[in-house]
2 protein chains.
Amino acid sequence: MLESQDQKKLDELFSSMQEANGCFLGYPFAKGFDYEQLWRFMSLTGNNLGDPFEPGTYRVNSHAFECDVIDFFARLFRAPSCEVWGYVTNGGTEGNIYGLYLARELYPDAVAYFSRDTHYSVSKGVRLLGLEHSVVRSQSNGEMDYDDLAQRATRSRTRPAVVVANIGTTMKEGKDDTLKIRAVLHDVGISAIYIHSDAALCGPYAPLINPKPAFDFADGADSITLSGHKFLGAPMPCGVVLSHKLHVQRVMRKIDYIGSSDTTLSGSRNAYTPIMLWYAIRSLGIEGIKQIFQQCERLAAYTADELNVRGVRAWRNPNALTVVLPPVEDSIKTKWQIATQDISHLVITPGTTKQQTDALIEAITNRNR
Amino acid sequence: MLESQDQKKLDELFSSMQEANGCFLGYPFAKGFDYEQLWRFMSLTGNNLGDPFEPGTYRVNSHAFECDVIDFFARLFRAPSCEVWGYVTNGGTEGNIYGLYLARELYPDAVAYFSRDTHYSVSKGVRLLGLEHSVVRSQSNGEMDYDDLAQRATRSRTRPAVVVANIGTTMKEGKDDTLKIRAVLHDVGISAIYIHSDAALCGPYAPLINPKPAFDFADGADSITLSGHKFLGAPMPCGVVLSHKLHVQRVMRKIDYIGSSDTTLSGSRNAYTPIMLWYAIRSLGIEGIKQIFQQCERLAAYTADELNVRGVRAWRNPNALTVVLPPVEDSIKTKWQIATQDISHLVITPGTTKQQTDALIEAITNRNR
């Protein structure tokens, strides 16, 4: 039992988080989820420790549902049948570090390449793993500059290449092309290549858009990660990482203590997030994901158009949910929680309403007058 | 909306997890928690991204509560005032890897020492970080063999030493002594020392027992981690890691995208688990933690005695909640989810009942007849 002043503090936290939840537009996190019928699982001591595909000693787990989630995304990402393994992570950072870890175990003397528009978790990952790296220039749309990649790779042509491809980038939702990346590296004379696709935001819908971006297993990726709390939506960060089994076997160890293999980064893992992701994909299905994407995309198009009509130079990449615009003022950045570097952006995620974007457009354009 | 066969599958998962939750005794996870009044937070897109002690652009966070949790444990672990920093992790593995990461950034050419009874996350961490390591023998009670540490450290006396101290070990709850570890290393002639205390299970109660084990900041630890889902209890893995600010500053980077510093391993982080940990420590207070520990300890003592009376050679370390016993049969291991290596163990956590331990004692001793 809380003392009354603590109860008040807790209630105030809820109110302030709820208020902030109603007006964020600058991060690619879905708002429109309803997992209330899953809350009952919060009464259990869930833990998905060990490998999701192996029985383990601890049984208060949701491994079976985790496997369903992995299988769903393996198919969506055109994985060769039965040759891909994966698990539900605590978010995009874990997925990126895991992909880089598998890459380093395969090619310890590799150089890692990634564009300057890449999420900050990747530079943290290469530092953690002691991977030498080279930051590649980006095109103005956020996509990797393949000529610069070629030049950089030429300088280290005798060494394996690990490339992180963004699907899409954090600020502009630019999408790197894994087929082009492989072609560039082959032309340079590098055949030892590992590509990790960071599909944090676009993973669930990238396979469904036309033209389909080149990023999946059939397009030459060795590992792919996506975030669960971004497009699909979740009350806490989570994600999925998938990789060829051959890569994973290099880091696998049998652990008596858990009666399973230690193949993941986290060891003890959230049993609740796999159930949420399962619930999301089973409720929506591929068609539902596509429909929700299209609704978001229409609202993103409308928002960019409306800003342009009002004299704000907003733009977006083809099929992107991210609307890029000049840096917004601090008061707007604070209220609407607008991620801002040299540019600002809005991300139209599931649950974002026209009322919200209209209010923001109004705020931005009134300031600009 | 789920289709009816999926709804059935979900309900069956809940039933089977609930059944398993009612009869696990082999993992150190509390069962007796009630966070139902926090479930409402699951409707929000919470994310504690960035540094808990800095304001960031995204406001649907529980940073203020996270800071309260860090301050509570900083005081409990006798941190020098204002010189310790921390954050809420996704569990013990993240805390251990984080501590080892800080250690490696301070001493890149260190040798890492840890006993063979150490949790498997530590050997994963040194591999991930490329830290050379030496596995130290253990005493029969699970505690590090300090003579073996001295011999191993002597062989690398010109290099810094990173030591992971267990408070307590995974299988036997043996407690390594950080004062002895420092003394041994000093005697060997090593002055560049970093000690990480892995207090996953015992962290919340170790400061309250008599004699107090030597493991905290005043006892020479550089970083300390504890798990939230173990003694305090949580429906998902979580934990706390604390370290001297000087160590953390070495890995800190300013990230415009989040309007904060990237000081943590995870980046995007769970906003829900800090609220749970806050709720637990504010409801219980130090006195409540002490009382619950004493209840558990009495039940552990009773269980060990009762097994001995019935001819099973069970034992436990002083003040331990872990009862060590010969390996149990597979059917018992499966039903009661008993972690088993060359030995088995039960862990009497909050929420464990005498009915449960009696049922297990009955199962074990009936088999032994």
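This is a predicted model, so every value here is computed, not measured. (Residues numbered from 1 in each chain as written. Chains lettered and ligands numbered in written order. Predicted model: local features only at pLDDT ≥ 70, side-chain atom pairs only at ≥ 80, totals over all residues. Heavy atoms only, no water.)

## Notes on the domain arrangement of chain A
All names here are of chain A. Heads up, the rule is: How far each domain reaches was decided by an automatic or database domain assignment. The contact criterion used is simple: two residues touch if any of their non-hydrogen atoms lie within 4.5 Å. Joining two parts hides part of their accessible area as seen by a 1.4 Å probe, and the buried area is that hidden amount summed over both. Here, a salt bridge means any side-chain nitrogen of Lys or Arg that lies within 4 Å of a carboxyl oxygen of Asp or Glu. Any pair of N or O atoms that falls within 3.5 Å is considered a polar contact. Within protein, one atom must be able to donate a hydrogen and the other to accept it, and sequence-neighbouring residues count only if both atoms are side-chain atoms. Strands here are runs of E lasting at least two residues and helices are runs of H or I lasting at least four, both read from the DSSP assignment and numbered beginning at the N terminus.
You can read the domains of chain A as domain 1 (4–33 + 286–368) and domain 2 (40–281). Here domain 1 and domain 2 have C-alpha centroids that lie 26 Å from each other. With 26 residues of domain 1 at the contact, the number on the domain 2 side is 24 residues. Summing both partners gives a buried area of about 2100 Å² for domain 1 against domain 2, and 71% of it is carried by carbon and sulfur. Here domain 1 and domain 2 share zero salt bridges between them. Taken together, the connections running from domain 1 to domain 2 amount to eight residue pairs in polar contact (both at pLDDT 80 or more). Mapped onto the side of domain 1 that touches domain 2, the elements with two or more residues apiece are α8 (272–309), β10 (322–325) and β11 (344–347). Among the elements that line the side of domain 1 that touches domain 2, the one with the most residues is α8, at six residues.

## Overview of helix α4 (residues 120–129) of chain B
Inclusion rule: Burial classes follow relative accessibility: with a 1.4 Å probe on protein chains only, a residue under 20% of its type's maximum area counts as buried, one over 50% as exposed, and anything between as partly exposed.
Most of α4(B) is tucked away: eight of the 10 residues are buried. Listed in full, the buried residues belonging to α4(B) are B:Tyr120, B:Ser121, B:Val122, B:Lys124, B:Gly125, B:Val126, B:Leu128 and B:Leu129.

## A few points about the sheet that holds strand β1 (residues 84–89) of chain A
All names here are of chain A. Using the following cut-off: A pair of strands is labelled paired if DSSP reports no fewer than 2 bridges between them. Between N-to-C directions, angles cover 0 to 180 degrees, with each direction set by a line fitted to C-alpha atoms, over the stretch in contact for helices.
Ordered in space as β1-β7-β6-β5-β4-β2-β3, the seven strands form an open sheet in which the pairing is mixed. The open sheet is flanked by β1 and β3 (132–136), the only strands paired with a single partner. Averaged over all pairs of adjacent strands, the angle between strand axes in this sheet comes to 15°, irrespective of strand direction. Of the pairings in the sheet, the one linking strand β4 (residues 161–166) to strand β5 (residues 193–198) comprises six bridges and is parallel in character.

## A closer look at helix α6 (residues 178–188) of chain A
All names here are of chain A. In plain terms, the rule: Along the arc lie the directions from the helix axis toward the C-beta atoms.
Along α6, the residues that are buried comprise Thr178, Ile181, Val184, Leu185 and Val188. Seen from one end, α6 has its buried residues packed into an arc of 120°, which puts them on one side. On its buried side, α6 packs onto α5 (146–155), β4 and β5. Where α6 starts, the residue carrying a side-chain oxygen 2.9 Å from the main-chain nitrogen of Leu179 turns out to be Asp177. The first or second residue beyond α6 is Gly189, which carries a positive phi of 105°.

## Quick look at empty space enclosed by the protein
The probe, sized like a water molecule, is rolled over the atoms to show the empty space still left. Under the convention used in this document: Using protein atoms alone on a 1 Å grid, points that fit a 1.4 Å probe yet trap it form a cavity, whereas open point sets bounded by protein on both sides within 12 Å along at least five of seven lines form a pocket; residues with an atom within 4 Å of a point count as lining. Grid points are joined across faces, edges and corners, and a volume is the space filled by probe spheres set on the points.
This structure, assessed with the given rule, holds five cavities of 30 Å³ or more. Of the pockets and cavities examined, the largest cavity occupies roughly 480 Å³. Forming the walls of the largest cavity are 40 residues, and the residues nearest its centre are A:Gly91, A:Gly92, A:Thr93, A:Glu94 and B:Ser266. Here the element with the most residues in the lining of the largest cavity is helix α3 (residues 92–106) of chain A; it accounts for five residues. For the second largest cavity, the calculated volume is near 270 Å³. Surrounding the second largest cavity, 26 residues form its lining, A:Tyr257, B:His119, B:Thr170, B:Ala200 and B:Lys230 being those nearest its centre.

## What to know about the layout of surface pockets
Keep this limit in mind: Think of it as three bins: nonpolar holds Ala, Val, Leu, Ile, Met, Phe, Trp, Tyr, Cys and Pro, charged holds Asp, Glu, Lys and Arg, and polar takes everything else, Gly as well.
By volume, the largest pocket is sized at about 490 Å³. B:Arg116, B:Asp117, B:Thr118, B:Tyr120 and B:Gln341 are, among the 20 residues lining the largest pocket, the residues nearest its centre. Only β8 (253–255) of chain A together with β2 (111–115) and α4 of chain B provide two or more residues apiece to the lining of the largest pocket. Among the elements that make up the lining of the largest pocket, the one with the highest residue count is β8(A) (three residues). Counted by class, the lining of the largest pocket contains seven nonpolar, six polar and seven charged residues.

## Some words on the sheet that holds strand β5 (residues 193–198) of chain B
All names here are of chain B. Taken together, seven strands build an open sheet; the order of strands is β1-β7-β6-β5-β4-β2-β3 and the sheet is mixed. Lying at the two open borders of the sheet, with one neighbouring strand each, are β1 (84–89) and β3 (132–136). Between one strand axis and the next, the sheet turns through 15° on average, direction left out of account. In this sheet, strand β7 (residues 239–244) lies alongside strand β6 (residues 223–227) in antiparallel orientation, the contact comprising five bridges. Its bridge partner lying in β7, Ile224 is registered against Leu242. Across the face of the sheet, helix α3 (residues 92–106) comes into contact with β1, β4 (161–166), β5, β6 and β7 while running at roughly 175° to β5. The sheet contacts of α4 involve β2, β3 and β4, and relative to β2 the element is tilted by about 170°.

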